[in-house]
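Coordinate inspection notes
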Amino acid sequence: MSDILGRRRFLSGAVLGTTATVITATTIGSVAPEAVADPKLDVEPGAVDPNFVEGRITGIAGGLLMVTGTDRTINQIHMTKATSVWKLRPTTSDAAKVGDGLYARGVRMPDGTLAADAIWLNIVNLQVHITSIGRSVMHMDHRGDRIVGHVVSGTTAAVYNSTPAVSDLSLLQVGKHAQVIGAWRPDTNEVDLATVYAAA
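So, here's what we can say about the structure. (Residues numbered from 1 in each chain as written. Predicted model: local features only at pLDDT ≥ 70, side-chain atom pairs only at ≥ 80, totals over all residues. Heavy atoms only, no water.)

Let us now look at the overall build of the protein chain. Scanning the protein chain from N- to C-terminus turns up one helix and 13 strands. Going from N to C terminus, the protein chain has its helices and strands arranged as α-β-β-β-β-β-β-β-β-β-β-β-β-β. With 200 residues in all, the protein chain has 44% of them scored as buried. Considering only residue pairs separated by 6 or more positions, the protein chain has 58% of its internal contacts joining residues 24 or more positions apart. (Helix = DSSP H or I, 4+ residues; strand = E, 2+ residues; numbered from the N terminus. Buried < 20%, exposed > 50% of the residue type's maximum accessible area, 1.4 Å probe, protein only. Contact = heavy atoms within 4.5 Å.)

Moving on to the environment of Val85. With respect to the helices, strands and loops of the structure, Val85 is situated in strand β4 (residues 84–86). With 34 residues separating them along the chain, Val85 and Ile119 place their C-alpha atoms 4.9 Å apart.

With that out of the way, let us pick up the packing of aromatic side chains. Aromatic ring pairs are defined here through the distance separating the ring centres and the angle between the ring planes. Tallied over the entire structure, the rule returns one aromatic pair. On the basis of an interplanar angle of 25° and a centroid distance of 5.8 Å, the ring pair of Phe52 and Tyr103 is categorised as stacked. Here Phe52, found in strand β1 (residues 52–61), pairs with Tyr103, found in strand β6 (residues 101–108); they are 51 residues apart in sequence, far enough to count as distant. For Phe52, a relative accessible area of 24% gives the class partly exposed. With relative accessibility at 33%, the residue Tyr103 sits in the partly exposed group. (Phe/Tyr/Trp six-rings, centres within 6.5 Å; stacked < 30°, edge-to-face > 60°.)

So, about the pairing of strand β10 (residues 145–151). Of the strand pairs in this sheet, strand β9 (residues 137–142) and β10 are connected by six bridges, and their pairing is antiparallel. The residue of β10 that forms the bridge with His142 is Asp145. Taking the residues that link successive antiparallel strands as the turn, the β9-β10 hairpin has two residues, and the phi of Arg143 there is positive, at about 55°. With four bridges joining them, β10 and strand β13 (residues 190–198) adopt parallel strand pairing. Residue pairing across strands places His150 opposite Asp192, the latter belonging to β13. (Pairing = 2+ DSSP bridges.)

The final tally for this structure, using the stated rule, is six salt bridges. Arg146 serves as the salt-bridge partner of Asp141, at 3.8 Å between the closest nitrogen and oxygen. In this structure, Asp192 engages Arg185 in a salt bridge whose closest nitrogen and oxygen atoms are separated by 2.7 Å. Under the relative-accessibility criterion, Arg185 is labelled partly exposed at 32%. (Salt bridge = Lys/Arg side-chain N within 4 Å of Asp/Glu carboxyl O.)

See below:
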């Protein structure tokens, strides 16, 4: 509980401008894309997590994001120097653009806004069937929808049979299933591939 209170005080200070401390976001929490589904507080099954926001960015004013959720709920999210941002890879707050999809975790402020400690932009986590593979592209089927996955040099990696990630994608096979984590290109059926999990 003291860790939660400490995080709340730090983020509150960062949002309200009362802290001179500058730390990296990884001090507070993981930047890994898998962390998006990891609740920081216990939430009753079926209950809404008050410290989690999802939706699309509809406006940006300085470090404040206006986000409209899939249920049409409007949220305001503060980004601070302590906010970790993921958009295909760990990045900075200026990577956020109007139209981006967003998942955010943080601490609710007294005015109802969210002080974000982590934001994932355009992240997708898909179970797919690989339909074809090219030099820099992988075509996939996700529940009947065609998805085009783009290989990003220096970023895209594969994990085979739970071994460490490697840049070698040559063991991926057409006709096999895979799990893909990547960054959606808004309003398209295309994603930039971050990690492909598959059996070798």
